[in-house]
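# Coordinate analysis (summary)
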Amino acid sequence: MTENPRVLTKKDFSSDQEVRWCPGCGDYAILAAMQRALPEIGATPESTVFVSGIGCSSRFPYYMSTYGFHTIHGRAPAIATGLKIARPELDVWVITGDGDALSIGGNHFLHLLRRNVNLQIILFNNQIYGLTKGQFSPTSAVGTVTPSSPVGSIDQPVCPARVALGANAKFVARGYDVSRELPELFKEAHAFPGTAFVEVLQNCPVFNDGVFDLITDRKSGPQHQLWLKHGEPMITADKKKGLRLNPKTLQVDVVTLGEGVSESELLVHDETNSTLAWLISDLPDVKALGVLYRDPSAPVYDDAVQAQVKMAKKAGASADVDALLHGGHTWKVS
Amino acid sequence: MQTSSKDVKRELLDSVVIRFCGDSGDGMQLTGTQFSSATALMGNDLATFPDFPAEIRAPTGTLYGVSGFQVHFADHDILTPGDEPDVLVAMNPAALKVNLPALKQGGQLIVNTGAFTSANLDKAGYTSNPLEDGTFEPYRVLAIDISALTLQSVAAFNLGAKAAGRCKNLWTLGLMFWLFGRERDSTIEWIRKKFAKDPNLAEANVAALNAGHVYGETAELPQGIGIYQVPKAQLAPGTYRTISGNDALAWGLVAGAKLAELPLFYGSYPITPASTLLHALARLKAFDVVTFQAEDEIAAVASAIGASFGGAIGVTGTSGPGVALKTEAIGLAIATELPLVICDVQRGGPSTGLPTKTEQSDLFQAVWGRNGDAPLVVLAAATPGDCFYMGIEAVRLATKYMTPVMVLTDGYLANGAEPWKIPSMKDFAPFPAKHLTEKPEGFHPFMRDPETLARVWVKPGTPELMHRIGGLEKGQHSGNISYDPANHEAMTKLRAEKIARIANDVPEATLDTGEPGGELVVVGWGSTYGAIKQAVAQVRAKGRKVAHLHLRNLWPLPRGLGSLLSSFGQVMVPEMNNGQLVKLLRAELLVDAQPFDKITGQPFRIAELVSEIERRLGAPTTERPGVQLQA
Ligand SMILES: Cc1ncc(C[n+]2csc(CCOP(=O)(O)OP(=O)(O)O)c2C)c(N)n1
Ligand code: SF4
Ligand SMILES: [Mg+2]
């Protein structure tokens, strides 16, 4: 780590480029949260890299004063993996959208997570293709009416957190664009050794306005938000509801506290339990937010790469190209 | 003690072509490779051509399961694995059926009679037994029950029928070693290493090898089956080894990265015939080489681009179908002007095509196969050993000009082996890559060298030089996103000009053989080099003014190519495709190049090139060279 005598601020992470998202787009709040989080974790613009795919969300790197690479649709995880293998000391963030990560880039998303490369991947989920003007995406609810689904989409959506858990992700978290906790979530992701996946529910006021209102609205939000805290019972933000395991169905029920239900019956969050994370990740009425799952003990891909290189060098293998060319059977002609 | 092959009187031959063939499970590739290694160690020049089916273990005894390995060795410089074999070793009826038509009239035929059961004859489609029906009359035949003799030779090792039977390729190899006076030591050493975990199996294989050899020494060989010797070739002084194209390319990339003083990152997804590049590089971690087996070809090239963005030299390797998948990402590397090497070990196409057969049909894909005006550098290796030099050149051009470079080889080069004079690293001038570390006046990421037009290369992590790049068009003078129409045109021209200028940094067009102004020039590229060179030499020996020009730089084309080609009466372009270079030459140079295609998945034979050249030349003329007098 280089010494960082000057205390950096949000401004040090903002580029001189004019931000070109639509007015009111949730992306602004996510950008601000990132610019707030980075100085607090001691990041420096020169050692931080943002790699993105294609989409409204993927314009993100242009607005940061760090290094940035706006790549091609869906491939940011693969490009970031190569970068991270070549330069493990860099602090790499991947920015992606629901289409970018789960349609065209689904394969790379899966393999990034299962490899556990040490970087952060932030998925801006607006349940729509923003940049191409509003077609339904892999996270759109059935029945979403868009120019490509004029009588409603018929595709079943996926839950990003469940895709991640299924891919053996070791850090899965969820937040929403305007939430005050978002910088904190980015900090937690950054601190995690391995691939840290954060889904951010993001409003697209132009093509999918209000899809998350129930959760993010000041009035209705507290009834539907469930902020997870390791070791604490699972209770909604308004403290009225909680989650209880139904041992007969092995499902999680949303129960109302007080109506014959006491806090002691509720599930207690254990971040290290992937089964629990799965059970609470896709509930109908309540959105689990915060860190759903975290296993910092899993091997980190880039460390393993470096370890093999180190071992090869330690084993005394010569790195002399002439010796390589002369290895095996040779003969002399005079 | 072994009987030395030197003690007996042997007939001298100046060159021999042997083809080993059998079931794909018979170990013919291994037999051919071992025969070739022993031959190389004896100082012969040689060339090999492995030809195997796409199936790993095709059903035994079938025609499509036949696997072959041809080796040509001589006491002089040779460039091809030979046209027709002088000697055919057929391990079963199917192999005989497929390969007998290729054997020279009067050629030597060695057959394993043990495999000529009625079931095997049926599977090969024989209605009568060729051992008995006179099929062999035009040949000199050594018919032996190799299967039974092998079982006898390994009986003491209690291997079980299957494993014992498998030793028959080494028995055969032992016999061939005797017939052609090769030493067994290197093969014995190789067997013991390969089966180190099972010494009993190792010794059984050694016993089979020795038994085949002893059989040759003691059995009465039939009339016409002699024992031979091929004296050493007069090769240029130096230290030699055998090398395959893929190993040479892998090592060339490593050497190039060393000369550029950069770590090498190789991202790849397995595909025939490129996978051995990945295998070779995966063993070289001590050389600052990292290999990444990606989830698909897109991720493979993308990871390499990421590594190049990080300041390493990113390389990806694949075959034609993989290049198709990588295309969009290659465009990103062109737009962001990052160094990248793409190795395309070509195979028969389109689609999955002929995975194990050779073809040169990705030239258009390499030069023009991308969306947008997206120029890059295209190089092609001519021989297995040349792949080494092309690997170095690719890294040099990619890093000096901040551009993707595509290296074209093919299955024939990748798998073929030749003796190779080992170069010394000190004969190569280093070309250290320059990463920008100090902030220049008015810094932006698309500032460029006025001469090479290469943009600056900044490693993330460098203070003061933070920047953002991407696939969107950027302003020529700011590096920021720009939708300005005039700027886009200027940037498109600039990207083209940068690549065009590379012609000034690579050798001018020169003839490989012959003089300008002749009757006909044969223009080749890639692995057809050896066959064309020898064909041209044969026609020249008859007094015709024919020349050979071989292109290693396919884009940009070398300087002076147009005027050189125009000096000839005819331009003939043999290619293993449906006419690609010929169209490129016509389009770029306005020369009347004429195609000569072969698209059978097999390399050109010298004889077919000679007869085509002679056909085009017609009767010799005493008038102006190059004017064809036709009756
Ligand atoms: C190869 C390719 N196919 C299609 C596109 C068009 N395209 C650009 S962004 C996008 C969808 C983006 O949706 P999402 O990832 O959800 O990002 P958002 O715009 O919603 O932030 C598509 C289809 C493209 N740029 N490249
Ligand atoms: S289209 Fe939607 S997601 Fe895209 S910038 Fe506008 S509001 Fe944001
Ligand atoms: Mg979206």
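Criteria and cut-off values
Residues numbered from 1 in each chain as written. Chains lettered and ligands numbered in written order. Predicted model: local features only at pLDDT ≥ 70, side-chain atom pairs only at ≥ 80, totals over all residues. Helix = DSSP H or I, 4+ residues; strand = E, 2+ residues; numbered from the N terminus. Buried ≥ 20, exposed ≤ 12 C-beta atoms within 10 Å, placed from the backbone. Contact = placed C-beta atoms within 7 Å. Nonpolar A, V, L, I, M, F, W, Y, C, P; charged D, E, K, R; others polar. Pairing = 2+ DSSP bridges. Arc of directions from axis to C-beta. Axes fitted to C-alpha atoms, helices over the stretch in contact; angles between N-to-C directions. Parallel < 35°, antiparallel > 145°, perpendicular 65-115°, else oblique. Left-handed = near helix turned anticlockwise from the far one by under 90°. Core = buried A, V, L, I, M, F, W, Y, C linked by C-beta atoms within 7 Å. Near = placed C-beta within 6 Å. Right-handed = clockwise from strand over helix to strand, strands pointing away.

This part takes up the overall build of chain B. In terms of regular secondary structure, chain B is built from 20 helices and 22 strands. Its C-alpha atoms give chain B principal-axis dimensions of roughly 85 × 70 × 45 Å. Counting over 631 residues, chain B shows a buried share of 53%. In chain B, 76% of the contacts between residues at least 6 apart in sequence involve partners at least 24 apart.

Across the contact, 48 residues belong to chain A and 56 residues belong to chain B. When contributions to the side of chain A that touches chain B are tallied by element, the ones reaching two or more residues are strand S2 (67-70), helix H2 (76-86), helix H4 (106-115), helix H10 (301-314), helix H11 (321-326) and strand S11 (331-333) of chain A. Partitioned by chemical class, the residues of the side of chain A that touches chain B number 24 nonpolar, 18 polar and 6 charged. Looking at chain direction, S2 of chain A and strand S17 (residues 468-470) of chain B are connected through 3 bridges and run parallel. Across the sheet, residue Gly-68 of chain A finds its bridge partner in S17 of chain B, namely Arg-468 of chain B.

Residues and elements named next belong to chain B. Among all positions in helix H19 (residues 581-589), only Leu-581, Val-582, Leu-584 and Leu-585 are buried. Projected onto a plane normal to the axis of H19, the buried residues spread over an arc of 160° and lie on a single side. Close packing links the buried residues of H19 with helix H13 (363-368), strand S18 (520-525), strand S21 (570-575) and strand S22 (593-597). One or two steps after H19, the chain reaches Leu-590, where phi turns positive at roughly 55°.

What follows covers the packing of helix H6 (residues 168-179) of chain B against helix H8 (residues 199-218) of chain B. Residue and element names in this part refer to chain B. Where H6 contacts H8, the axes come no closer than 6 Å and their chain directions differ by 40°. One finds that H6 runs oblique with respect to H8. Judged by the sense of rotation from one axis to the other, the crossing of H6 with H8 is right-handed. Residue-level inspection shows Leu-170, Trp-171, Thr-172, Leu-173, Gly-174, Leu-175, Phe-177, Trp-178 and Leu-179 of H6 in contact with H8, the latter providing Asn-205, Ala-208, Leu-209, Asn-210, Ala-211, Gly-212, His-213, Tyr-215, Gly-216 and Glu-217.

With that out of the way, let us pick up unusual backbone geometry. All names here are of chain B. Cis rather than trans, the peptide bond between Thr-272 and Pro-273 has omega equal to -5°. Tracing the backbone shows Pro-273 in the loop between strand S10 (264-268) and helix H10 (275-282). Following Trp-555, the chain continues into Pro-556 via a peptide bond in cis, with omega recorded as -5°. Relative to the assigned elements, Pro-556 resides in the loop between strand S20 (553-555) and helix H18 (561-566). We note that Glu-261 has phi near 60°; this positive angle belongs to a residue other than glycine. Summarising the element assignment, Glu-261 is placed in the loop between helix H9 (245-260) and S10.

All right, on to the nonpolar core then. Looking at soluble globular proteins, one finds that nonpolar side chains tend to be buried together. By size, the foremost hydrophobic cluster in this structure holds 216 residues, and its most contacted members are Val-172 of chain A together with Val-254, Leu-264, Ile-305, Val-341 and Val-407 of chain B. Not counting the four nearest positions on each side in its chain, Leu-264 of chain B is found in contact with Leu-253, Val-254, Ala-257, Asp-288, Val-289, Ala-312, Ile-313 and Val-315 of chain B. Formed by 59 residues, the second largest nonpolar core is a distinct cluster that contains Leu-103, Ala-164, Cys-167 and Leu-179 of chain B.

A separate point is the site of ligand 1. The environment of ligand 1 is made up of 17 residues, and the closest members are Gly-55, Gly-97, Gly-99, Asp-100 and Gly-130 of chain A. Taken together, the residues of the shell around ligand 1 break down into 6 nonpolar, 9 polar and 2 charged.

Residues in close proximity to ligand 2 include Trp-21, Cys-22, Cys-25, Asp-27, Cys-56, Asn-126, Gly-130, Cys-204, Pro-205, Val-206 and Phe-207 of chain A, which together make up its full environment. Split into classes, the residues belonging to the shell around ligand 2 amount to 8 nonpolar, 2 polar and 1 charged.

The sheet built from 3 strands is open, its strands ordered S11(A)-S9(B)-S16(B) with antiparallel pairing. One side of each edge strand has no neighbouring strand; the edge strands of this open sheet are S11 of chain A together with strand S16 (417-421) of chain B. The sheet shows a mean angle of 40° between the axes of neighbouring strands, taken without regard to direction. As judged from the 3 bridges shared by S11 of chain A and strand S9 (residues 238-244) of chain B, these two strands associate in the antiparallel manner.

Residue and element names in this part refer to chain B. At a minimum axis distance of 9 Å, the contact between helix H1 (residues 28-41) and helix H7 (residues 185-194) shows a crossing angle of 135°. On the basis of the axis angle, H1 is oblique to H7. Helix-helix and strand crossings are classified by hand; for H1 and H7 the assignment is right-handed. When H1 is examined against H7, the residues Gln-34, Ser-37, Ala-38 and Leu-41 are found in contact with a partner set consisting of Ser-186, Thr-187 and Trp-190. Partitioning the contact of H1 with H7 into residue classes produces 3 nonpolar, 4 polar and no charged.

Further remarks concern the environment of Pro-432 of chain B. All names here are of chain B. Secondary-structure assignment places Pro-432 in the loop between S16 and S17. Its 10 C-beta neighbours within 10 Å are what place Pro-432 among the exposed residues. Beyond its immediate stretch of four places on either side in the chain, Pro-432 contacts Ala-260 and Glu-261.

The next point concerns the pairing of strand S12 (residues 313-318) of chain B. Residues and elements named next belong to chain B. For S12, a buried count of 6 out of 6 residues is recorded, marking the element as mostly surrounded by other parts of the structure. Of the two faces of S12, the one holding Ile-313, Val-315 and Gly-317 and the one holding Gly-314, Thr-316 and Thr-318 are both buried throughout. Relative to S12, S10 runs parallel, the two being bridged by 5 bridges. Each residue of the ladder has a partner; that of Ser-268, found in S12, is Gly-317. As paired strands, S12 and strand S13 (residues 340-346) are joined by 4 bridges and run parallel to one another. Pairing of Thr-318 across the sheet is with Asp-344, part of S13. A crossover connection joins S12 to the parallel S13 through helix H12 (residues 320-336); in handedness this β-α-β unit is right-handed.

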